[in-house]
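In case you want the letters, here they are:
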Amino acid sequence: MREISFQSMINTLDLFSTGVAIVDQEGRFLFWNSGASLITGHTAQKIVGKTFDEAMTMIDFFGQKISFEYFLEMHCLRGNAASLEVWIETPEGLLTHMRLYSARLTDGEGTCLGFAMILHDVIIEEVLGDALEKVAEQAHIDALTKLYNKETLLEDLRTHIENVKRAKYQIGIVFMDIDRFKSINDRFGHITGDSVLSLFGKCILSSIRKGERAYRFGGDEFVVLLIIDSEEDLLRFTQRFEREVYETKFPVTLNVTIGFTVVLGTDSARSALERADQRMYEKKIGKTHTETKTP
């Protein structure tokens, strides 16, 4: 296997968008990659060959100038690796907020040869972090109803069950089904059906409290997980939700069947959901019998 040359490694580091720099044990810059130039405005031609104190103005949270001596003291306190919030003055005189990570470079005997540094632009890091968080969040959301999807429900329920086992709190499952939803699609079309589902999701979101979650289980079936003190809380939720549905102007007349159960420490996610589903189904059968008997 061929060894990677030092120059090859340097050429690779220069391709990184993250700022990378290397200083020797005296604090003189030996390397400053294109990423560091991009985020600070200082070019390698200006930085390389200069000492830490000569190259640029860098200050800490309190406005104190960070000298190489200050940098070494930080490493003495924190060991071989350290991090620091810094503000670097650009050539235009503006201060750019950076997160500086550094690590000692040593030879085979442990002698310090210098330091490798990584610079992150905090603003870019936060913007990218928010964007990635939104993308990750969207992967758990049903696009039509804006509720969480079935996969997220199963993950959340497993976590809740573990907490129920430890007696941290009680959790209840509310299982909902829109009555005769297929006939709505068949009679009025899928656009109307989608409108019903979207409004139904809004009704659920309006009925839950902060920190509680609702899920589209599939098709016209929905689940809500509620942290409760007793089964009475589940009943109160269903009454509140049914009132919300009644007061919402749906494009068609809408009826919903609801079943609920308290989750047990002996439950699995599947058994708890099946029990709530069964109770919802029993109510639906009861409705059918009542309608059949009505003259």
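Provided above is the structure to which this section pertains.
Residues numbered from 1 in each chain as written. Predicted model: local features only at pLDDT ≥ 70, side-chain atom pairs only at ≥ 80, totals over all residues. Heavy atoms only, no water.

1. Observations regarding helix α7 (residues 150–165)
For clarity, the threshold we go by: Each helix is a run of H or I in the DSSP string that is no shorter than four residues. Each strand is a run of E no shorter than two, and both are numbered from the N terminus. To estimate how far a helix should reach, multiply one less than its number of residues by 1.5 Å. Exposed residues in this analysis have more than 50% of their type's maximum accessible area, buried residues have under 20%, and partly exposed residues fall in between, with area computed by a 1.4 Å probe over protein chains only. The directions considered for the arc are those from the helix axis to the C-beta atoms.
Here α7 is 16 residues long and its end C-alpha atoms lie 23 Å apart, about the 22 Å a rise of 1.5 Å per residue gives. Of the residues making up α7, those classed as buried are Thr152, Leu153, Asp156, Leu157, His160, Ile161, Asn163 and Val164. Projected onto a plane normal to the axis of α7, the buried residues spread over an arc of 165° and lie on a single side. Directly beyond the C-terminal end of α7, a positive phi value near 60° is found at Ala167.

2. Details of the sheet that holds strand β2 (residues 29–32)
Stated precisely, the cut-off is as follows: Strands are treated as partners if at least two bridges between them are detected by DSSP. Residues count as neighbours in contact if any of their non-hydrogen atoms are within 4.5 Å of one another. Helix axes use the C-alpha atoms of the stretch in contact, all axes being lines fitted to C-alpha atoms, and the angles between their N-to-C directions lie in the range 0 to 180 degrees.
Spatially, six strands are ordered β2-β1-β6-β5-β4-β3 in an open sheet, and the strand pairing comes out antiparallel. The open sheet is flanked by β2 and β3 (58–59), the only strands paired with a single partner. Across nine bridges, the pairing between strand β5 (residues 95–106) and strand β6 (residues 112–121) is antiparallel. Pairing of Met98 across the sheet is with Asp121, part of β6. Each of β1 (19–24), β4 (81–89), β5 and β6 touches helix α5 (residues 68–78); the most contacted strand, β4, lies at about 155° to it.

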